[in-house]
Amino acid sequence: KIKYPEVEIKLTEGNTAVLESLLSENKVDMVIDNNRYDSSVYDKSLYSKERILLAVPKKFVKSDNIINFALDKECIETKKYLNKDCQAVPLSNFRSIPFIMLAPNNDTRIRGDKMCNEAGFRPNIVLEVNQQATAYMIATTQMGGTFISDSIVEKMPMYKSMSYFKIS
């Protein structure tokens, strides 16, 4: 505000479809999103790279084989889990757990549905929300697992009641 007193910043949250609509109608000047917007229509630049992890309440992680794949905070913060020697857990191991998913048309939801489909199952969705952080906080109440970006896990608390997985 001191350096640019004429610039007013107003934060608007929404899912990908809402944000793209607002952008196309010139109701917002900029969007920070993980969606791939049409570069022939919009100028874009990479803000950061994020990867999708799976956060699951420990009560749903019954097998020792799966527990061995769990990531600790240091592994996520330092991005060691991106190394090839850090194995991903097959998503099919979580086919029977309840899922908290983002609303349809959200990019993370589309990717989550695709990953589950490729793993051979449709997720048992018990709740749909609009924001990853909301899904994560609800997952910590032991309601179900959720897909979450690594950057959110890095910046928010990691709960002892949760396990975090690199997924294939």
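Positions within a chain are numbered from 1, following the residues in the order the chain's sequence is written. Note on the predicted model: pLDDT of at least 70 is required for a residue's local features to be given, and 80 or more for side-chain atom pairs to be given and counted; whole-chain, interface and lining totals, by contrast, use all residues. Only hydrogens and water are removed before side-chain values are computed, so all heavy atoms of the structure are retained for them.

1. Observations regarding helix 4 (residues 107-118)
Step number 1: Relative to the 16 Å expected for 12 residues at 1.5 Å per residue, helix 4 spans 16 Å between its end C-alpha atoms, a close match to the ideal helical length.
Step number 2: A 1.4 Å probe rolled over the protein chains alone gives each residue an accessible area, and that area as a share of the maximum for its type sets the label: buried under 20%, exposed over 50%, partly exposed in between. Counting from the N terminus, the helices are DSSP H or I runs at least four residues long and the strands are E runs at least two residues long. All of the buried residues along helix 4 are Asp-107, Thr-108, Arg-109, Gly-112 and Cys-116.
Step number 3: On its buried face, helix 4 is in contact with helix 1 (16-24), strand 1 (52-57), strand 2 (98-102), strand 3 (124-129), helix 5 (132-139) and strand 4 (146-149).
Step number 4: In protein, a polar contact requires one atom able to donate a hydrogen and another able to accept it; more generally it is a pair of N or O atoms within 3.5 Å, and residues adjacent in sequence count only if both atoms are side-chain atoms. At the N-terminal end of helix 4, a side-chain oxygen is found 2.8 Å from the backbone nitrogen of Thr-108, two or three residues along, and the residue is Asn-106.
Step number 5: Positive backbone phi, approximately 90°, marks Gly-120, located one or two places after helix 4. Here the expected span of a helix is defined as 1.5 Å times the quantity of residues minus one. In what follows, a contact means two residues having at least one pair of non-hydrogen atoms within 4.5 Å.

2. A word on the pattern of salt bridges
Step number 1: Salt bridges are counted wherever a side-chain nitrogen of Lys or Arg sits within 4 Å of a carboxyl oxygen of Asp or Glu. Across all of its chains, the model carries eight salt bridges by this definition.
Step number 2: Among the salt bridges present, the one from Lys-80 reaches Glu-74, with a minimum N-O distance of 3.1 Å.
Step number 3: A relative accessible area of 39% means that Lys-80 is categorised as partly exposed.
Step number 4: On the basis of relative accessible area, Glu-74 is assigned to the partly exposed category, the value being 47%.
Step number 5: Here Glu-154 ties to Lys-79 by a salt bridge, and the two come within 2.5 Å at their closest N and O atoms.

By themselves, these figures tell us nothing about what the structure is for.
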